[in-house]
Amino acid sequence: MKTVGTVGAKYPEGTPEDEALRIVSLALLYVRDIQKLDDYREYFRRFFTYKPVTIAQTFATRDEADTWLASGEAKDGDLVKIADQGFIVIDALKGLKFVPTRLPEELAPPGSQ
């Protein structure tokens, strides 16, 4: 908290940066007050631990992918490849659905594959 205060002193009161630091500080105090600081530390560690992006499933057709999605095996956040295009499974209001996204090989810098 001392470090956040030191950083916050660099911004005039009422600026967006000052407001953001106040919100962050209060959130950390709240986590501590409800005795969830250890849970937060574990979440933070998992969040920043590198995990390679992997494709959960590959399908030749959209019909095959839709059948898999309806089977109950799909999970929110699964990355799939359908006819060489990337999609991520999201938990929408009316159930799971596919949303277009880039595949890991499309995100890699040229020459790194």
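Just so it is clear, the model here is predicted, and its values are computed rather than measured. (Residues numbered from 1 in each chain as written. Predicted model: local features only at pLDDT ≥ 70, side-chain atom pairs only at ≥ 80, totals over all residues. Heavy atoms only, no water.)

Draft legend 1. Representation of the overall build of the chain in the model. Secondary structure summary: the chain contains 5 helices and 4 strands in total. When the elements of the chain are put in sequence order from the N terminus, they spell out α-α-α-β-α-β-β-β-α. Against the 2.2 N^0.38 benchmark of 13 Å for 113 residues, the chain shows a C-alpha radius of gyration of 21 Å, more extended than a compact globule. With respect to the principal axes defined by its C-alpha atoms, the chain has extents near 55 × 40 × 25 Å. In the chain, buried positions account for 19% of the 113 residues. When contacts within the chain are restricted to residue pairs at least 6 apart in sequence, long-range pairs at least 24 apart make up 24% of them. Carbon together with sulfur atoms contributes 57% to the accessible area of the chain, which is approximately 9000 Å² in total. Taking the average place of the 15 positive charges on the side chains of the chain and the average place of its 18 negative ones, the gap between the two points comes to 6 Å. (Helix = DSSP H or I, 4+ residues; strand = E, 2+ residues; numbered from the N terminus. Rg over C-alpha atoms; globule rule 2.2 N^0.38 Å. Buried < 20%, exposed > 50% of the residue type's maximum accessible area, 1.4 Å probe, protein only. Contact = heavy atoms within 4.5 Å. Areas by Shrake-Rupley, 256 points an atom, 1.4 Å probe, with all protein chains shown as cover. Lys, Arg positive; Asp, Glu negative; His and termini not counted. Charge placed at Lys NZ, Arg CZ, Asp CG, Glu CD.)

Draft legend 2. Layout of the pattern of salt bridges. Considering all chains together, one arrives at 8 salt bridges under this definition. Between Asp39 and Lys36 there is a salt bridge whose closest N-O contact spans 3.7 Å. The exposure class of Asp39 is partly exposed, given its relative accessible area of 46%. Look at Lys36 and you get partly exposed, because its relative accessible area is 40%. For the salt bridge of Glu105 with Lys81, the shortest nitrogen-to-oxygen distance reads 3.4 Å. Here Glu105 is found in helix 5 (residues 104-107), whereas its partner Lys81 is found in strand 2 (residues 79-82), with 24 residues between them in sequence. (Salt bridge = Lys/Arg side-chain N within 4 Å of Asp/Glu carboxyl O.)

Draft legend 3. Structural context of the sheet that holds strand 1 (residues 57-59). Taken together, 4 strands build an open sheet; the order of strands is 1-2-3-4 and the sheet is mixed. Bordering the open sheet on either side are strand 1 and strand 4 (95-100), each of which pairs with just one other strand. The mean inter-strand angle of the sheet, taken between neighbouring strand axes irrespective of direction, is 30°. In terms of strand pairing, strand 3 (residues 85-92) meets strand 4 through 6 bridges, oriented antiparallel. Paired with Val89 across the two strands is Phe98, which belongs to strand 4. The strands touched by helix 4 (residues 62-71) within the sheet are strand 1, strand 2, strand 3 and strand 4, with strand 4 carrying the most contacts at an inclination of about 145°. (Pairing = 2+ DSSP bridges. Axes fitted to C-alpha atoms, helices over the stretch in contact; angles between N-to-C directions.)

Draft legend 4. Looking closely at a nonpolar patch on the surface. Side chains of Tyr40, Tyr43, Phe44, Phe47 and Phe48 sit close together on the surface and give an oily, nonpolar patch of about 570 Å² of accessible area. On the basis of relative accessibility, which here comes to 47%, the residue Tyr43 falls in the partly exposed class. (Patch = residues over 30% accessible without salt bridge, like charges linked within 9 Å, V, L, I, M, F, W, Y side chains within 5 Å.)

Draft legend 5. Inspection of the pairing of strand 2 at higher detail. Both faces of strand 2 are covered, namely the face carrying Leu79 and Lys81 and the face carrying Val80 and Ile82. Sheet topology note: the strand 1/strand 2 ladder contains 3 bridges and is parallel. Note that in strand 2 the partner of Phe59 across the bridge is Ile82. For the crossover from strand 1 across helix 4 to strand 2, the handedness is right-handed. In terms of strand pairing, strand 2 meets strand 3 through 4 bridges, oriented antiparallel. Across the sheet, Val80 pairs through a bridge with Phe87, a residue of strand 3. The turn joining strand 2 and strand 3, which pair antiparallel and follow one another in sequence, is formed by 2 residues; a positive phi near 50° is taken by Ala83. (Right-handed = clockwise from strand over helix to strand, strands pointing away.)

Keep in mind these numbers describe shape, not what the thing actually does.
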